[in-house]
Amino acid sequence: MPKSVNTSTSGRGLSQRGQRGRKSSHPYISEDPSTAEVDRGHQSSQALPLLPVKTEVPSSQPQSTCLLCHQEMKMAQGVNDARHHYGLCFYNEGAFHKLYPPVDLVDGRVVDEVGKKYSCQHTETCTKRKMGYRELCMHMATTHMVVGTLMAMDDRVGMDSVLASLYPGVEYKGGKTEVRVKVEKSGNYKTADSTPLRRKRGPASRVKVEPRPVSSPRIYSVSVPVRSTREDEDVDDPGAVSPPHNPKPPKVEPKAEDSPPLPTPRIDRVHNCLVCGGQGKANKEGRNLNMGDGMQDLKYHYAVCYYNEGAFMDLVDPGQENKTIGGEALELFGLRFKYKCPFVTCSRNTGRGAGKMMGYKEYSIHCGVAHHLLEKVMARDKREGLNEVRAAILLERKREGISWEEMPEVQVEEVQSCLLCNGETKEAKNLSFAGEKRLQLRYHYASCYYESGVYLAKYPPGEQNMDQEGQPRDVLGRDIKYSCEVTGCTIKRKMGYKEFCIHMSNEHGGLLDVLREDGR
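The structure contained in this document is the topic of the report that follows. Please read these numbers as outputs of a predicted model, since none were measured by experiment. (Residues numbered from 1 in each chain as written. Predicted model: local features only at pLDDT ≥ 70, side-chain atom pairs only at ≥ 80, totals over all residues. Heavy atoms only, no water.)

Looking at helix H14 (residues 510-517), one finds that the buried residues are Gly510, Leu511 and Val514. Take H14 and look down its axis: the buried residues cluster within an arc of 95°, on one side only. Where H14 is buried, its residues meet helix H11 (437-452), helix H12 (455-458) and helix H13 (497-507). (Buried < 20%, exposed > 50% of the residue type's maximum accessible area, 1.4 Å probe, protein only. Helix = DSSP H or I, 4+ residues; strand = E, 2+ residues; numbered from the N terminus. Arc of directions from axis to C-beta. Contact = heavy atoms within 4.5 Å.)

In structure tokens, the structure reads:
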């Protein structure tokens, strides 16, 4: 309703009626020039009767009591607080499960609400980061107006008015998760559907239409709705505009494998290993395993037991060179073949332990514990009680937001101990021909051959640096230094005799000559 307007009439006209200075109380009557002239010509004209007028001031402020939980809502930020509150209430009722099916719904409850396995379907205009299921639902509810969709599908008394106050200017079709938004084009407000909608008077409200079969619920949302007024909109002109694009379903990490529902684990349960039974001195670590605080020790022990049974043989590839005809690993402890974890983000490849190599046994147990092959092994084990242990391991992984990944291609390299010093040092036990490690191998052999004295004849130290027995007096270069005279060498600095011999052997082919002359 338009606001009431008080206007004052001419002072001269009122003075003739003895009403100088009084204002008209009629809300719509102002002094018309022609009427004023008639009043001045007819002093005895009768005053027009005043009619009572009811004025209304529409309020956009929603009621502060929630229709779902019947609790008082905090309204410090107005409708934003109300939208967020209703989003939480709808989430607690499980209303989002049909719109965004979770991957781990058990008995109507989401097992993992915080694991970052989901992302917003509006990838082109919204964030691409991963979210937990609860965070995704609240993001869609508040940012993409899905709260309004849920309200439009709710039949509780009074939800129509709440919807209209929270989302003025937005129309919803009941029974379908479709949002209809007024869009301004050339001064006319039109909807995204060519079928006219008959609206109630007042703010925008939910419109009931005949239900049509829908294969799957879809959500159409607009980030910034255009708010129209009663004077601007033309309800009888619902010209069609381009329909909203089909949204992409929420991105979900692939599951490792389909399996029957697992029993709910008793988190604080203490038990003995169901594989070895914790019997004997060698298996004492298998006693009193805890599915709560002791989960890491539990997984490690089960991985060791399953390795001893050969359960990882078909899951962890030992590589072609370290494999028998039957597919078993030849060497297990890293004396000849060493493995690198193929997962780039693994702790074995980052931080202080980056690049640490393992034998096949350690590599298999590591993949079972750190990369969840233990879950796959347990899924094939039919022993009684293991399903509950597997459920506890699976639940812990999902709580940490970690997804199951397939094993990448094996990364294995052959290593050997130095044939001269027989692996006296740690470096000498892990010499490898793989990639850049060949440089380390070449340098190590060049250094080992110096101790044998083969370089004295090949690179004589000179009379100034030789004692009576023919041995160099100054090995480290304190007094006498040498320089490389090979054309194209980049080492221009002076060196001691030992460093000079190793340099010539390693960089300029001296090592190859020594190896050819060695009869071992």
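Let's pick the thread back up.
Once that is clear, we can look at the environment of Asp474. With respect to the helices, strands and loops of the structure, Asp474 is situated in the loop between H12 and H13. For Asp474, a relative accessible area of 9% puts it in the buried group. As a C-alpha pair, Asp474 and Pro461 span 13 residues in sequence and 9.3 Å in three-dimensional space. If sequence neighbours within four positions are ignored, Asp474 has contacts with Asn465, Asp479, Ile480 and Tyr497. A distance of 2.6 Å separates the side chain of Asp474 from the backbone nitrogen of Asp479, its partner in a polar contact. (Polar contact = N/O pair within 3.5 Å; in protein donor to acceptor, adjacent residues only side chain to side chain.)

Interhelical geometry of H11 versus H13 gives an angle of 135° and a closest axis separation of 9 Å. Taken as axis vectors, H11 and H13 run oblique relative to one another. Like other packed secondary-structure pairs, H11 and H13 cross with a definite hand, here right-handed. Contact residues: Arg442, Tyr443, Ala446, Ser447, Tyr450 and Glu451 in H11; Tyr497, Lys498, Cys501, Ile502, Ser505, Asn506 and Glu507 in H13. Residue composition of the contact of H11 with H13, by class: six nonpolar, three polar and four charged. (Axes fitted to C-alpha atoms, helices over the stretch in contact; angles between N-to-C directions. Parallel < 35°, antiparallel > 145°, perpendicular 65-115°, else oblique. Left-handed = near helix turned anticlockwise from the far one by under 90°. Nonpolar A, V, L, I, M, F, W, Y, C, P; charged D, E, K, R; others polar.)

All told, the structure shown has 12 aromatic pairs when counted by the stated rule. Where Tyr450 meets Tyr455, the ring centres are 6.4 Å apart and the plane angle is 35°; that geometry is what we call tilted. On the numbers, 6.2 Å between centres and 75° between planes, the contact of Tyr459 with Phe500 is edge-to-face. You can see Tyr459 sitting in the loop between H12 and H13 and its partner Phe500 sitting in helix H13, a full 41 residues away along the chain. The structure contains a cluster of three or more aromatic residues connected by ring pairs, namely Tyr450, Tyr455, Tyr459, Tyr482, Tyr497 and Phe500. (Phe/Tyr/Trp six-rings, centres within 6.5 Å; stacked < 30°, edge-to-face > 60°.)

Attention now moves to the state of the cysteines. Within the structure shown, the criterion is met by zero disulfides. The structure places no disulfide on Cys341, whose sulfur is separated from the nearest cysteine sulfur, that of Cys346, by 3.6 Å. Free of any disulfide, Cys489 has its nearest cysteine sulfur in Cys484, 3.7 Å distant. (Disulfide = S-S within 2.5 Å.)

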